[in-house]
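A look at the structure
Next come the chains, spelled out residue by residue.
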Amino acid sequence: MGLRDRDLDGPRFQMREKLMSVGDDFWIEDDQGHRLFKVNGKAVRWRDTFVLEDASGEALVKIQEKKLAVRDTMTIERGDMTAKVHKRLLGIRDHYVIEVEGGEDLEAHGNIVDHEYEIERDGETVAKVSKKWFRVRDTYGVQLAQGQDVALILAITVCVDAMARG
């Protein structure tokens, strides 16, 4: 499949682009094609809401659009952990800031629309997103560094994709 990045040695996932709309569900697969996570788009809400579930259907993370904010914001909630994802107001390149309450903040930057970007913490790359790894249309990959919070990184990717479409 060609999904490995030389710099990162953690798990790899395959995602579908432009299928993430409210009411749509899709699977996130590993590099072997096994369905590991499901993104469940909730159609009954007045704001975009997604739930990241494991393969057995257990909810891991809730992702929700925050209405009435100065700038587009989505929140990621898991137990006591909350993170807010929003687009940086200044700058030419696409750049998203992820503020993790009680944890280290992250940034996503690069060519967001074309799914060619990195997620960093303190200048260190923790994940790379690329469409170049696949020949399949509307598919992109997420390669994580070892030891990262998989559910959080995948939730950030869902947020960035949903916000870039909006």
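Here's a quick rundown of the structure.

About the cut-offs
Residues numbered from 1 in each chain as written. Predicted model: local features only at pLDDT ≥ 70, side-chain atom pairs only at ≥ 80, totals over all residues. Heavy atoms only, no water. Buried < 20%, exposed > 50% of the residue type's maximum accessible area, 1.4 Å probe, protein only. Helix = DSSP H or I, 4+ residues; strand = E, 2+ residues; numbered from the N terminus. Pairing = 2+ DSSP bridges. Salt bridge = Lys/Arg side-chain N within 4 Å of Asp/Glu carboxyl O.

**Notes on the pairing of strand β11 (residues 124-130)**
- Most of β11 is tucked away, with 6 of its 7 residues classed as buried.
- Pairing of strand β10 (residues 116-121) with β11, which is carried by 6 bridges, proceeds in the antiparallel orientation. By the bridge assignment for β11, Glu116 is matched with Ser130.
- Connecting β10 to the antiparallel partner β11 that follows it, the hairpin turn spans 2 residues, and Asp122 within it adopts a positive phi of roughly 50°.
- By the bridge criterion, 4 bridges tie β11 to strand β12 (residues 139-144) in an arrangement that is antiparallel. Bridging across to β12, Ser130 finds its partner in Gly141.

**Details of the pattern of salt bridges**
- Counted by the stated rule, this structure contains 5 salt bridges.
- Between Lys87 and Asp94 there is a salt bridge, and its shortest N-O distance comes to 3.5 Å.
- Residue class for Asp94 comes out buried when judged on its relative accessible area of 19%.

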